[in-house]
Amino acid sequence: MKTVVVTGVARAAGPVIDALGAHGVATVHEAMGRSGLAGAGLRPRQDRTRIAGSAVTVLCWPGDNLMIHAAVEQCREGDVLVVTTTSPSLDGSFGELFATALRYRGVRGLVTTGGVRDLAELREMGFPVWSAAVNAQGTVKATAGAVNVPITVGGALVRPGDVIVADDDGVLCVPRGDAQAVLAAADARVAKEAESREAYRAGELSLDRNRLRGVLDRLGVRYVSAAEYEAGHEPG
């Protein structure tokens, strides 16, 4: 592993980032062909919060938050700090003091495969966090890692400058180079869903609107009456 702090990372355009954030994780995930999710292991530590921002990535050693200290300097307005470790660790490497420093720099939130602490304070100050654990166990500052290098977060590869979208549904990574195209696909999906919503309000069935009756038929699903079903499934 290279022990480096990479500076001058490129970021996606701010309006594109904000528009992806407005769509939210589920919509953008579907627009990306159901890819990019960081996995169900990262949980929001607050409710009804949605963010999007450019990833500043951090690779730490287990039980050591030295490189988070180094990463703060690389953060700027609109970023999201994304932290993982070289091997699994749920120690509480992030708390209210880090959040205070990041809030000053305009950072929109934290995503970490590790643990966070000072949860009450983080919620009170409104600093959004997605983490694998809440854990009061502290860490040391003794081992070099890296900042702004590609990392793996759950099931997603996150490169510095990629777009992170996070809400109650989880965390999603959109590659920076794909952000504009993904936004266009998400816009189209939202428009299609709006049409479907109006159809459902008018009583149309999703089976018909999505042409799923033929799928059921091809899979051999038969419609039978309750009496027919019970007659064919007598005990013994």
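Going by the structure above, here's the rest.
Residues numbered from 1 in each chain as written. Predicted model: local features only at pLDDT ≥ 70, side-chain atom pairs only at ≥ 80, totals over all residues. Heavy atoms only, no water.

Visitor: Explain the environment of Thr86 to me, please; I cannot follow it from the model alone.
Guide: Positionally, Thr86 belongs in the loop between β3 (79–85) and β4 (92–94). Overall, the relative accessible area of 37% leaves Thr86 in the partly exposed class. Each C-alpha atom of the pair Thr86 and Gln46 lies 27 Å from the other, and the pair is 40 residues apart in sequence. In contact with Thr86, other than residues within four places in its own chain, are Met1, Leu59, Cys60, Trp61 and Pro62. (Helix = DSSP H or I, 4+ residues; strand = E, 2+ residues; numbered from the N terminus. Buried < 20%, exposed > 50% of the residue type's maximum accessible area, 1.4 Å probe, protein only. Contact = heavy atoms within 4.5 Å.)

Visitor: I keep staring at helix α4 (residues 96–104) and nothing clicks. Help me out?
Guide: The α-helix advances 3.6 residues per turn, and as a result positions three or four apart in sequence lie on the same side. Every buried residue belonging to α4 is among Phe98, Ala99 and Leu102, and all of these are buried. Down the axis of α4, the sector holding all buried residues measures 100°, keeping them to one side. Summarising the geometry of α4, the exposed residues directed more than 90 degrees from the buried face are Leu97 and Tyr104. Elements in contact with the buried residues of α4: α3 (66–72), β3, β4 and α5 (119–125). Immediately beyond the C-terminal end of α4, within one or two residues, lies Gly106, with a positive phi of roughly 85°. (Arc of directions from axis to C-beta.)

Visitor: I tried to follow the pairing of strand β6 (residues 129–134) on my own but got confused; where do I start?
Guide: If a strand is regular, its side chains alternate between the two faces of the sheet. Sheet analysis places strand β1 (residues 43–44) next to β6, joined by two bridges and oriented antiparallel. When the sheet's bridge partners are listed, Pro44 is paired in β6 with Trp130. Summarising the sheet, strand β5 (residues 109–116) and β6 pair through five bridges and their orientation is parallel. Note that in β6 the partner of Val111 across the bridge is Trp130. (Pairing = 2+ DSSP bridges.)

Visitor: Even after reading the chapter, I still don't get the nonpolar core, so can you show me in this structure?
Guide: Note on soluble globular proteins: their nonpolar side chains tend to be buried together. One finds Val58, Leu81, Phe94, Leu102, Leu110 and Phe127 to be the most contacted residues of the largest nonpolar core, which totals 21 residues. Sorting elements by how many residues they give to this core places α3 first, with four residues. Those residues in contact with Leu81 that sit more than four places away from it in its chain are Val56, Val58, Ile68, Ala71, Cys75, Leu102, Val107, Gly109, Leu110 and Val111. Formed by 19 residues, the second largest nonpolar core is a distinct cluster that contains Ala55, Val82, Ala146 and Cys173. (Core = buried A, V, L, I, M, F, W, Y, C linked by side-chain atoms within 4.5 Å.)

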